[in-house]
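Observations on the three-dimensional arrangement
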Amino acid sequence: MTERTIDPVDPGAVTGGMSSLLRAEGAALFFGTTLFYIISDSPWELYALLFFAPDLGFLGYLAGPRVGALVYNALHTTIAPLLLAMGGILILWPTAGTIALIWLAHIGFDRMLGYGLKYGSSFHDTHLGRIGRRKAVAAPTNT
């Protein structure tokens, strides 16, 4: 028997063991990159200053849920910080790696807490499940 990994009420979001695995992966990313940051002997003031910077992507939601999801997801996937780190290696700019570690730590932190990549339908709809309470659906009236 196979484990159900899609919630029929919230299609596109993982459930059960797969959800736990993705959250554990987020925790590993957060703690691992934070450990590398410690080893790099970079300033903690920079870590504190930049840790929540990717959340400025929330401002994209001022233009609507589709644009908001696009901006948020662009700042919350591992692609951009990894490209930044590789680019920093190529042009010999060590600070790029430092910034990339902070950025990756933030992404891992969000995933660990269950904040997934957003769908264009709503800020609350993510690949890790719905964030927040569901709006109450009014009962149909018989008139």
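Because the structure is a prediction, the values reported are computed rather than measured.

**Some details on the overall build of the protein chain**
Counting secondary structure elements, the protein chain contains five helices and three strands. Overall, the protein chain shows an N-to-C arrangement of helices and strands of α-α-α-α-α-β-β-β. Burial status across the protein chain gives 35% buried among its 143 residues. Sequence-distant contacts in the protein chain: of pairs separated by 6 or more residues, those separated by 24 or more amount to 53%. Carbon and sulfur atoms make up 70% of the accessible area of the protein chain, which amounts to about 9,100 Å² in all.

**Structural notes on the sheet that holds strand β1 (residues 118-119)**
If you walk across this open sheet you meet the three strands as β1-β2-β3, and the pairing is antiparallel. Where the open sheet ends on each side, the last strands, each with one partner, are β1 and β3 (129-130). When β1 meets strand β2 (residues 122-126), the two strands line up antiparallel, connected through two bridges. The partner of Lys 118 across the bridge, within β2, is Thr 126.

**A few points about helix α5 (residues 94-112)**
The terminal C-alpha atoms of α5 lie 27 Å apart, and with 19 residues this matches the ideal 27 Å at 1.5 Å per residue to within 8%. Backbone geometry just downstream of α5 places Gly 114 in the positive-phi region, at approximately 95°.

**A look at a nonpolar patch on the surface**
Taken together, Leu 35, Phe 36, Ile 38, Ile 39 and Trp 44 make up a surface patch of nonpolar side chains, about 550 Å² in accessible area. The leading source of residues in the nonpolar patch is helix α1 (residues 16-40), at four residues. Inspection of the secondary structure assignment puts Leu 35 in helix α1. Residue class for Leu 35 comes out partly exposed when judged on its relative accessible area of 47%.

**A few points about the packing of helix α4 (residues 79-90) against α5**
Interaxial distance between α4 and α5 falls to 8 Å at its minimum, and their mutual angle equals 165°. When the axes of α4 and α5 are compared, the pair comes out roughly antiparallel. For the pair α4 and α5, the sense of crossing is left-handed. Mapping the contact onto sequence places Ala 80, Pro 81, Leu 82, Leu 84, Ala 85 and Gly 88 in α4 and Ala 96, Ile 99, Ala 100, Trp 103, Leu 104 and Ile 107 in α5. Here the residues of the contact of α4 with α5 sort into eleven nonpolar, one polar and no charged.

**A look at the nonpolar core**
Counting residues in each nonpolar core, the largest one holds seven residues, listed as Phe 30, Tyr 37, Tyr 47, Phe 51, Leu 101, Ile 102 and Ala 105. Among the elements of the structure, α1 and α5 are those that each provide at least two residues to this core. Of all the elements, α5 adds the most residues to this core, at three residues. Leaving out residues up to four positions away in the same chain, Ala 105 has contacts with Phe 30, Thr 33, Thr 34, Tyr 47 and Phe 51.

Cut-offs and rules
Residues numbered from 1 in each chain as written. Predicted model: local features only at pLDDT ≥ 70, side-chain atom pairs only at ≥ 80, totals over all residues. Heavy atoms only, no water. Helix = DSSP H or I, 4+ residues; strand = E, 2+ residues; numbered from the N terminus. Buried < 20%, exposed > 50% of the residue type's maximum accessible area, 1.4 Å probe, protein only. Contact = heavy atoms within 4.5 Å. Areas by Shrake-Rupley, 256 points an atom, 1.4 Å probe, with all protein chains shown as cover. Pairing = 2+ DSSP bridges. Expected span 1.5 Å × (residues − 1). Patch = residues over 30% accessible without salt bridge, like charges linked within 9 Å, V, L, I, M, F, W, Y side chains within 5 Å. Salt bridge = Lys/Arg side-chain N within 4 Å of Asp/Glu carboxyl O. Axes fitted to C-alpha atoms, helices over the stretch in contact; angles between N-to-C directions. Parallel < 35°, antiparallel > 145°, perpendicular 65-115°, else oblique. Left-handed = near helix turned anticlockwise from the far one by under 90°. Nonpolar A, V, L, I, M, F, W, Y, C, P; charged D, E, K, R; others polar. Core = buried A, V, L, I, M, F, W, Y, C linked by side-chain atoms within 4.5 Å.

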